[in-house]
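# Chains, contacts and geometry: an overview
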Amino acid sequence: MATRRRYDDACTVARALDLVGERWALLVVRELLFGPKRFTDLRTGLPGASPNVLSQRLRELDEAGVLRRRRLPPPAAAWVYELTPYGHQLEPVVFALGKWGAQASGPLDGRPLSVDSMMLAMRTLYDPARTRGVVTDVVVELGEDGFRATATPDGLRLVREPVDRPDVVIRTDTTTLSGVVSGGRTLTEALDSGDLVLVGDDAVATRFFTLFSRERLA
C-alpha cells in the first residue's frame, strides 16, 4: 500500500490537504454530495480510479471522519458510503472549485460528465434571482439515477430521493441535459429528437430550464 503523503506545514490549508488532498479524494466527496452510494456506484462515477486506489481513498476518508460506511436496512441490505456532517461541510468547497474550474481554458477531450458532475454543474449555473420567488419542484431522471430538484430563491436543492406525484419528470442523459441547461441546445430541439422526454406539466419544465445562466460563472 502506498504511503500517504503529508504536508510539513502548520497552515490549516495544509492540514485540510492532508485530509482530502490525495488524488480522487475530493471527487469521492463530489460523488457523495447528493446521497449515499455503493462501491460499485462510486466506480461508475469515477471510472478512472482503480478499485485499489478507490478503496484506499475510502479508508482514508473514513479514518478522517469525512465519510462513513453503513448497511442499508432490508430489503436493500447493501453497504453504502455516505458523507458525515463534517464531510458535508466540504460542499461549498467542491462547489467553488467547480465554478472556478469552469472558467479554465482548454479542451475537455469530449469526455462525458458523470451524473453527479452534471448535478454539480446545474448548481453552478443556477440563478436564484430568476425564480422571482416561485418554488419549482421537479424530478430529473438520468438513466437509473433519479433526483428531486427543488428550485427556490435560496438555491437549488438536489437530492437522490423518491417524489410522490411530481409536477413533471425530466428523462434524459447527461450530454443532452448539459446542452439544454448551458444554452447550447434548445429544449424544443431536445424534445423533438427524443433525447429528452417530459412526463407531466410541460410549462413547469420549460420554466425550470429558464433558471440557469452561463453568466453565473463570472
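Here goes a summary of the coordinates provided. (Residues numbered from 1 in each chain as written. Predicted model: local features only at pLDDT ≥ 70, side-chain atom pairs only at ≥ 80, totals over all residues. Heavy atoms only, no water.)

### Examining the sheet that holds strand β3 (residues 136-142)
What counts is decided by this rule: Pairing between strands is defined by DSSP: at least two bridges between them are needed. In DSSP terms, a helix is any run of H or I states spanning at least four residues, a strand is any run of E spanning at least two, and both are numbered starting from the N terminus. Here, axes are lines fitted to C-alpha atoms. For helices the fit covers the stretch in contact, and angles between N-to-C directions go from 0 to 180 degrees.
Judged by pairing direction, the sheet is mixed, and its 5 strands sit side by side in the order β5-β4-β3-β6-β7 without closing on themselves. The sheet is open, and its two edges are formed by β5 (155-159) and β7 (197-200), each paired on a single side. Neighbour-to-neighbour, the strand axes of the sheet open up by a mean angle of 20°, direction not taken into account. As defined by bridge partners, β3 adjoins strand β4 (residues 145-152) across 7 bridges and the pair is classed as antiparallel. Of the residues in β4, the one forming a bridge with T136 is A151.

### Notes on the side chain of T172
Note the threshold: Within 3.5 Å is the distance limit for a polar contact, defined as a pair of N or O atoms, with the added protein rule that one can donate a hydrogen and the other accept it, and that residues adjacent in sequence qualify only through two side-chain atoms. Pairs of residues are marked as contacts when any of their non-hydrogen atoms sit within 4.5 Å.
Inspection of the secondary structure puts T172 in strand β6 (residues 168-172). For T172, the side chain forms a polar contact with the main-chain oxygen of D195, separated by 2.9 Å. If we ignore the near neighbours within four places in the chain, the residues touching T172 are E141, L142, G143, L177, D195 and L196.

### Re the packing of aromatic side chains
Operational definition: The aromatic pairing rule takes the rings of Phe, Tyr and Trp, using the six-membered ring of Trp, and pairs them if the centres are within 6.5 Å, calling planes under 30 degrees apart stacked, those over 60 edge-to-face and the rest tilted. Accessible area is worked out with a 1.4 Å probe on protein chains only. A residue is then buried under 20% of its type maximum, exposed over 50%, and partly exposed in between. When the NZ atom of lysine or the CZ atom of arginine is within 6 Å of a ring's centre and also within 35 degrees of its normal, the charge is said to sit over that ring.
Scanning the model with the defined rule gives 4 aromatic pairs in all. A centroid spacing of 6.0 Å and a plane angle of 90° characterise the contact between F34 and F147, whose relative ring orientation is edge-to-face. One end of the pair, F34, is in the loop between α2 (25-32) and α3 (39-45); the other, F147, is in strand β4, with 113 residues separating them in the sequence. For the pair F34 and F147, one class covers both residues: buried. For the pair F208 and F212, a centre-to-centre distance of 5.3 Å together with 80° between the ring planes defines the contact as edge-to-face. These aromatic residues form a ring-pair network of at least three members: Y126, F208, F209 and F212. Taking NZ or CZ as reference, R123 lies 5.4 Å from the ring centre of F95, over its face.

The analysis is restricted to geometry; functional conclusions fall outside its scope.
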